[in-house]
Amino acid sequence: MTSHLRAALDHDRFTAETERFRRELLAHCYRMVGSAHDAEDLVQETYLRAWRSYSGFEGRASIRSWLYKIATNVCLTALEPRPIRVLPSGLTGPYDGPDRPPSPVAPGEVSWLEPLPDAWIAPPADDPAAVIVGRESLRLALIASLQHLPARQRAILILREVLAFSAAETAEILNTTTAAVKSGLQRARARLDELEPEPAELLEPTDQRARALLDGYIAAFERSDVGLLEQVLRADATLEATPFRDWQSGRAMCIHMLDAYVLGTPGDWRMIATTANGQPAAVVYHRDVDGALRADGAVVLAATATGVSRVIKFHDPALVAAFGFPDVLAY
């Protein structure tokens, strides 16, 4: 057998053994770094490193834990020089100053959290055996809280609590001791409790009530209808948007901000329903001065049985393409 043929057969075997873990590794890297695009790059780097060292893989651990070891360390290396990714509510308390239009943070001043399109991690329809990544472990509030943990504590918490690796397996992945893993997990849990992540009462995006709330939110924007927003938002709802530092708490404040500075006139906005982070979401288009509906970003809702408790808008036109939609909508 020629060396070229042997290499081709090895690569086919590598692909057959590893490719089925790509979606869950993408979710893992996203939990670690808070950016869908960065996570995609880190998964690519993971597979590149795995292929380079595949000939030395002796099977002492499972192929899955071996890949997680590579991916986790790729993420930890990538995180060393980077500021954490945050949402506006991770910077300051809700705005209660004089009435004013929102003003963006200077470019590069803050590294913003990004949403993760559910389609990126959904298993193919023709693969019933594929692992379904748990939506609750990707909710935006949890991802935002995770970013405030030191990177190694973050890794320990994710490996132990989300992925259910044992303390010994986690220690092996992180090249540390089980005692260090147990101590790190205790500290991570305590810190996460302080950060008060989203309560576990969110509706699944497939729930008819969640879809009705999303439809109502979309209709409110497309019709510039404040009354619809009052029906959709809970009294304690919050509203935040990147790249703005100020955010609003309470339905009255949220609606005032939207009505005074955002909604405009009927037809200014168009939204298309989707899902992100296991939550109802929409890609957003805004009509420009030429009348074209151009990509504006994405919005993710926290939908509960009593209404929308949190609205997070990401002003990044590139996100629309990430969700698989065009830059400009036809009339």
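How each quantity is defined
Residues numbered from 1 in each chain as written. Predicted model: local features only at pLDDT ≥ 70, side-chain atom pairs only at ≥ 80, totals over all residues. Heavy atoms only, no water. Helix = DSSP H or I, 4+ residues; strand = E, 2+ residues; numbered from the N terminus. Contact = heavy atoms within 4.5 Å. Buried < 20%, exposed > 50% of the residue type's maximum accessible area, 1.4 Å probe, protein only. Pairing = 2+ DSSP bridges. Core = buried A, V, L, I, M, F, W, Y, C linked by side-chain atoms within 4.5 Å. Salt bridge = Lys/Arg side-chain N within 4 Å of Asp/Glu carboxyl O. UniProt positions renumbered as here; feature names shortened; annotations may be inferred. Phe/Tyr/Trp six-rings, centres within 6.5 Å; stacked < 30°, edge-to-face > 60°. Lys NZ or Arg CZ within 6 Å of the ring centre and 35° of its normal. Axes fitted to C-alpha atoms, helices over the stretch in contact; angles between N-to-C directions. Parallel < 35°, antiparallel > 145°, perpendicular 65-115°, else oblique. Left-handed = near helix turned anticlockwise from the far one by under 90°. Disulfide = S-S within 2.5 Å.

K.L.:
Provide a residue-level description of the side chain of Thr-46, including the pertinent values.
P.N.:
Tracing the chain through its elements places Thr-46 in helix 3 (residues 36-53). What Thr-46 contacts, discounting residues up to four positions off in sequence, is Leu-67, Ile-70, Ala-71 and Val-74.

K.L.:
Tell me about the pairing of strand 6 (residues 307-314), and please be specific about residues and values.
P.N.:
Here strand 6 lies mainly inside the structure; eight of its eight residues are buried. Pairing between strand 1 (residues 233-242) and strand 6: six bridges, direction parallel. When the bridges of strand 6 are listed, Leu-233 appears paired with Val-308. Examined bridge by bridge, strand 5 (residues 293-304) and strand 6 share seven bridges and lie antiparallel to one another. Paired with Val-300 across the strands is Ile-312, a residue of strand 6. Counting the residues that bridge the hairpin from strand 5 to strand 6 gives two residues.

K.L.:
Report on the nonpolar core, specifying residues and quantitative values.
P.N.:
Judged by nonpolar contacts, the single largest core of 68 residues is most densely connected at Leu-25, Met-32, Leu-138 and Leu-146. Looking at this core, the element that brings in the most residues is helix 4 (residues 63-79), giving 11 residues. Among all residues touching Leu-25, those that are not within four sequence positions of it are Val-43, Tyr-47, Leu-67, Tyr-68 and Ala-71.

K.L.:
Summarise the pattern of salt bridges; cite the residues concerned and give the values.
P.N.:
Counted by the stated rule, this structure contains 19 salt bridges. For the salt bridge of Asp-246 with Arg-100, the shortest nitrogen-to-oxygen distance reads 2.4 Å. One end of the pair, Asp-246, is in the loop between strand 1 and strand 2 (248-249); the other, Arg-100, is in the loop between helix 4 and helix 5 (140-146), and 146 residues separate them in sequence. Among the ionic pairs, Arg-245 bridges to Glu-109, the shortest N-O distance being 2.7 Å. Placement of the pair is Arg-245 in the loop between strand 1 and strand 2 and Glu-109 in the loop between helix 4 and helix 5, with a sequence separation of 136 residues. Connected through salt bridges with shared partners, the residues Asp-38, Arg-82, Arg-85 and Glu-114 form a single ionic network.

K.L.:
Describe the UniProt feature "domain: RNA polymerase sigma factor 70 region 4 type" (unreviewed entry) in the protein chain, with residues and values.
P.N.:
Mapped onto the present numbering, the UniProt feature "domain: RNA polymerase sigma factor 70 region 4 type" (unreviewed entry) falls on residues 140-192. Helix makes up 79% of residues 140-192 and strand 0%. Its end C-alpha atoms lie 14 Å apart.

K.L.:
Report on the packing of aromatic side chains, specifying residues and quantitative values.
P.N.:
Inspection of every chain in the model, using the stated rule, returns eight aromatic pairs. Ring centres of Phe-14 and Tyr-54 lie 5.1 Å apart, and the angle between their planes is 70°; on these two criteria the pair is classed as edge-to-face. Of this pair, Phe-14 sits in helix 1 (residues 3-18) while Tyr-54 is found in the loop between helix 3 and helix 4, placing the two residues 40 residues apart along the sequence. For Tyr-54, a relative accessible area of 7% gives the class buried. Between Tyr-217 and Phe-221, the ring centres sit 5.1 Å apart and the planes meet at 35°, which makes this aromatic pair tilted. Taken together, the positions of Tyr-217 and Phe-221, both in helix 9 (residues 208-223) and four residues apart, correspond to about one turn of that helix. Here Tyr-217 falls in the buried class, since its relative accessible area comes to 3%. Pairwise contacts between aromatic rings join Phe-14, Tyr-47, Trp-51, Tyr-54 and Trp-66 into one cluster. The aromatic ring of Tyr-47 is capped on one face by Arg-22, whose charged end is 4.1 Å from the ring centroid.

K.L.:
A description of the packing of helix 2 (residues 22-33) against helix 6 (residues 151-162) should follow, citing residues and the corresponding values.
P.N.:
For the pair helix 2 and helix 6, the least separation of the axes is 10 Å and the interaxial angle reads 140°. With respect to helix 6, the axis of helix 2 lies oblique. Helix 2 and helix 6 meet at a crossing whose hand is right-handed. Taken together, the residues of helix 6 that come into contact with helix 2 (itself represented by His-28, Arg-31 and Met-32) are Ala-151, Arg-154, Ala-155, Ile-158, Leu-159 and Val-162.

K.L.:
Break down the state of the cysteines for me, citing the residues and quoting the values.
P.N.:
In protein structure, a disulfide is the covalent linkage between the sulfur atoms of two cysteines. Scanning the entire structure with this criterion turns up zero disulfides. Between Cys-29, a free cysteine, and Cys-75, which holds the nearest cysteine sulfur, the sulfur-to-sulfur gap is 3.5 Å.

K.L.:
Talk me through the pairing of strand 3 (residues 269-276); I want residue IDs and the actual numbers.
P.N.:
When strand 3 meets strand 4 (residues 279-287), the two strands line up antiparallel, connected through eight bridges. Its bridge partner lying in strand 4, Arg-270 is registered against Tyr-285. Connecting the antiparallel pair strand 3 and strand 4 is a turn made up of two residues, with Asn-277 showing a positive phi of about 55°.

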